[in-house]
Amino acid sequence: MSLSIGIVGLPNVGKSTLFNALTKAQNAEAANYPFCTIEPNKAVVPVPDARLAELAKLVNPERIVAATVDFIDIAGLVEGASKGEGLGNKFLGNIRECQAILEVVRCFENDDIVHVSGSVDPVRDVEVIETELVLADMQTVESRLERLEKQLKADKSIKPKLDRAKELLAHLENGQPARAFFHSDEELDRELMSELSLLTSKRVIYCANVDEDGMSSDSEHVRRLGELAKSRGEQMVKISAKMEEELVGLEDEERAEFLNSFGVTESGLEQVIRKGFDLLGLTSYFTAGPKEVKAWTIHKGWSAPKAASVIHTDFERGFIRAEVISYEDYIHHGSEAKCRAAGVLRVEGKEYKVQDGDVMHFLFNV
């Protein structure tokens, strides 16, 4: 499994520039006019994790395989997108395959760069984007309600689902996102969420795109966006898409020096991935052997058999036990054999909850 993040925003706010920088793939044309992104751009990006390189120094594998994040750059939304304005519903549909949404809004003034609404106002821009997502979800729920009402004539048992869908529609009509309605611990809501795949059910990271001067202090635009994110219980990152572009191709030492010159320690990519993992409750464990050192993405709290399933479903089905070494112990002792001799290699069963950084070896039989 991997984290998937859809990059959305109004036209011409720096989404494609950011995409180019984050993915190091110059395949999303960045131009100073709306709708330069005509098809959604997708890229698979390795998750920065210094622990992989440290393990590889000890194991000396043939290859190193990082966990990945799928970034999807989606054409700019405008008011009326849910009704087909601009590039319309075609692009709203592309968001459905993402686990989280990165809402990019412009937070800097520059008379040479056109803003589709004529002025810079991040809160207004967020409201335009999210209104369109809510309106699109209303259409989805209305269509589902029509089908449920027809089915009710033949199957009275679906009435609770029909009633819950009506409540959801009323919730959306009040301008509220689906993520503020569903309760993941209720079976009926889980079923509806799976069927509907609503846009506003996804978690959001608000991205303040600033100019390079804006990295050293927060403007009023950034402060307002931060307050909005906090009021909604969501995360915010501040990124300079232009600065991220300049980071592409720099060696590690040059990159660190460049970031330090702006008073930051993490690149935009690192911020977005870290916050995305936090939002969705994701973590990583490692496998380490002569062929490869590899990071695997799982949900926090997964049991050892469930964690093994991301390697192969047979590992979960035929799970016997797991041999586990913490990352810190592995680095301290220097090898699996030395960890075993020191007694820090643990044998865990089906109930073990995998921890971030565990180095694991699974035994199974099918």
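1. Describing the overall build of the chain
Along the backbone of the chain there are 14 helices and 12 strands. Among the 366 residues that make up the chain, the fraction classed as buried is 51%. Here the analysis covers contacts within the chain between residues at least 6 apart in sequence; of these, 68% occur between residues at least 24 apart.

2. Some thoughts on unusual backbone geometry
Phi at N60 is positive, roughly 55 degrees, even though this residue is not glycine. Relative to the assigned elements, N60 resides in the loop between α2 (50-59) and β3 (63-65). Even without being glycine, S197 reaches a positive phi, approximately 50 degrees. You can see S197 is positioned in the loop between α6 (187-196) and β6 (203-209). The class for S197 is partly exposed, based on a relative accessible area of 25%.

3. Remarks on the packing of helix α4 (residues 122-152) against helix α5 (residues 159-173)
With their axes 9 Å apart at the nearest point, α4 and α5 run at an angle of 160 degrees to one another. In this view, α4 runs roughly antiparallel relative to α5, as classed from their interaxial angle. The way α4 lies across α5 gives a crossing that is left-handed. For the pair α4 and α5, contact is made by V134, D137, M138, V141, E142, R144, L145, L148, E149 and L152 and by K159, K161, L162, A165, K166, L168, L169, L172 and E173, respectively. The residue makeup of the contact of α4 with α5, split by class, is 11 nonpolar, no polar and eight charged.

4. Here we look at a negative patch on the surface
The grouping of E251, D252, E253, E254 and E257 at the surface amounts to a negative patch. The residue E253 is located in helix α9 (residues 252-261) in this model. Its relative accessible area of 68% is what places E253 among the exposed residues.

5. Re the packing of α5 against α6
Closest axis-to-axis distance for the α5/α6 pair is 11 Å, and the angle between their directions is 70 degrees. One element, α5, and the other, α6, form an angle in the roughly perpendicular class. As for the relative orientation of α5 and α6, their crossing is right-handed in sense. Counted together, P160, K161, R164, A165 and L168 of α5 and L188, D189, E191, L192, E195 and L196 of α6 form the full contact between these two elements. Partitioning the contact of α5 with α6 into residue classes produces six nonpolar, no polar and five charged.

6. Description of the packing of aromatic side chains
For the structure on display, the rule yields seven aromatic pairs. With a centroid separation of 5.7 Å and an interplanar angle of 75 degrees, the aromatic rings of F181 and F182 are classed as edge-to-face. You can call F181 buried: its relative accessible area is 9%. Of the aromatic side chains, those joined through ring pairs into one cluster are Y285, F315, F319, F362 and F364. Positioned above the aromatic ring of F108 is the side chain of R106, whose terminal nitrogen or guanidinium carbon lies 4.9 Å from the ring centre. A cation over a ring is seen here: K306 above W302, with NZ or CZ 5.2 Å from the ring centre.

7. Quick notes on the sheet that holds strand β1 (residues 3-8)
Here we have six strands laid out as an open sheet, ordered β2-β4-β1-β5-β6-β7, and mixed in their pairing. The sheet is open, and its two edges are formed by β2 (41-46) and β7 (235-239), each paired on a single side. Ignoring which end each strand starts from, the neighbouring axes of this sheet average 25 degrees apart. Strand contacts of helix α7 (residues 220-231): β5 (100-106), β6 and β7, with the helix running at about 160 degrees to β7, the strand carrying the most contacts.

8. Some points on the environment of A66
Within the fold, A66 resides in the loop between β3 and β4 (68-73). For the pair A66 and V293, spaced 227 residues apart in the sequence, the C-alpha separation amounts to 8.3 Å. Apart from residues lying up to four places away in sequence, A66 is in contact with P46, V47, L52 and A295.

9. Some points on the pairing of strand β10 (residues 319-325)
Taken across its seven residues, β10 has five buried, putting it largely inside the fold. With six bridges joining them, β10 and strand β12 (residues 359-364) adopt antiparallel strand pairing. Bridge pairing in β12 links A322 to F362. As defined by bridge partners, β10 adjoins strand β11 (residues 346-348) across three bridges and the pair is classed as antiparallel. Along β11, the bridge assignment pairs V324 with R346.

10. What about the nonpolar core?
Membership of the largest hydrophobic core comes to 71 residues, with the highest contact counts inside it found for L18, V69, F71, L102 and L225. Here this core takes six residues from helix α10 (residues 268-280), the largest share from any one element. The contacts of L102, once residues within four sequence positions are left out, are I5, G6, I7, V8, L18, I205, C207, V237 and V272. Counting residues in each nonpolar core, the second largest holds 18 residues, with L148, L162, L168 and F182 among its members.

11. So, the confidence of the model for the chain
Close reading of the predicted structure is inappropriate where its pLDDT is low. Per-residue pLDDT for the chain averages 86, and the proportion of residues at 70 or more is 87%. Ignoring residues within four places in sequence, the model shows residues 25-38, a span with pLDDT below 50, making 37 contacts including any to other chains.

12. Topic: α10
Spacing of three or four residues puts side chains on the same side of an α-helix, whose turn is 3.6 residues. In a regular helix each residue adds 1.5 Å, so 13 residues correspond to 18 Å; α10 covers 18 Å between its end C-alpha atoms and thus fits that length. Counted residue by residue, α10 has 11 buried out of 13 residues, so it is predominantly covered. Buried residues of α10: G268, L269, E270, Q271, V272, I273, K275, G276, F277, L279 and L280, and no others. Of the residues flanking the end of α10, it is G281, one or two places downstream, whose phi is positive at about 65 degrees.

Cut-offs used in this document
Residues numbered from 1 in each chain as written. Predicted model: local features only at pLDDT ≥ 70, side-chain atom pairs only at ≥ 80, totals over all residues. Heavy atoms only, no water. Helix = DSSP H or I, 4+ residues; strand = E, 2+ residues; numbered from the N terminus. Buried < 20%, exposed > 50% of the residue type's maximum accessible area, 1.4 Å probe, protein only. Contact = heavy atoms within 4.5 Å. Axes fitted to C-alpha atoms, helices over the stretch in contact; angles between N-to-C directions. Parallel < 35°, antiparallel > 145°, perpendicular 65-115°, else oblique. Left-handed = near helix turned anticlockwise from the far one by under 90°. Nonpolar A, V, L, I, M, F, W, Y, C, P; charged D, E, K, R; others polar. Patch = residues over 30% accessible without salt bridge, like charges linked within 9 Å, V, L, I, M, F, W, Y side chains within 5 Å. Areas by Shrake-Rupley, 256 points an atom, 1.4 Å probe, with all protein chains shown as cover. Salt bridge = Lys/Arg side-chain N within 4 Å of Asp/Glu carboxyl O. Lys, Arg positive; Asp, Glu negative; His and termini not counted. Charge placed at Lys NZ, Arg CZ, Asp CG, Glu CD. Phe/Tyr/Trp six-rings, centres within 6.5 Å; stacked < 30°, edge-to-face > 60°. Lys NZ or Arg CZ within 6 Å of the ring centre and 35° of its normal. Pairing = 2+ DSSP bridges. Core = buried A, V, L, I, M, F, W, Y, C linked by side-chain atoms within 4.5 Å. pLDDT = per-residue confidence, 0-100. Expected span 1.5 Å × (residues − 1).

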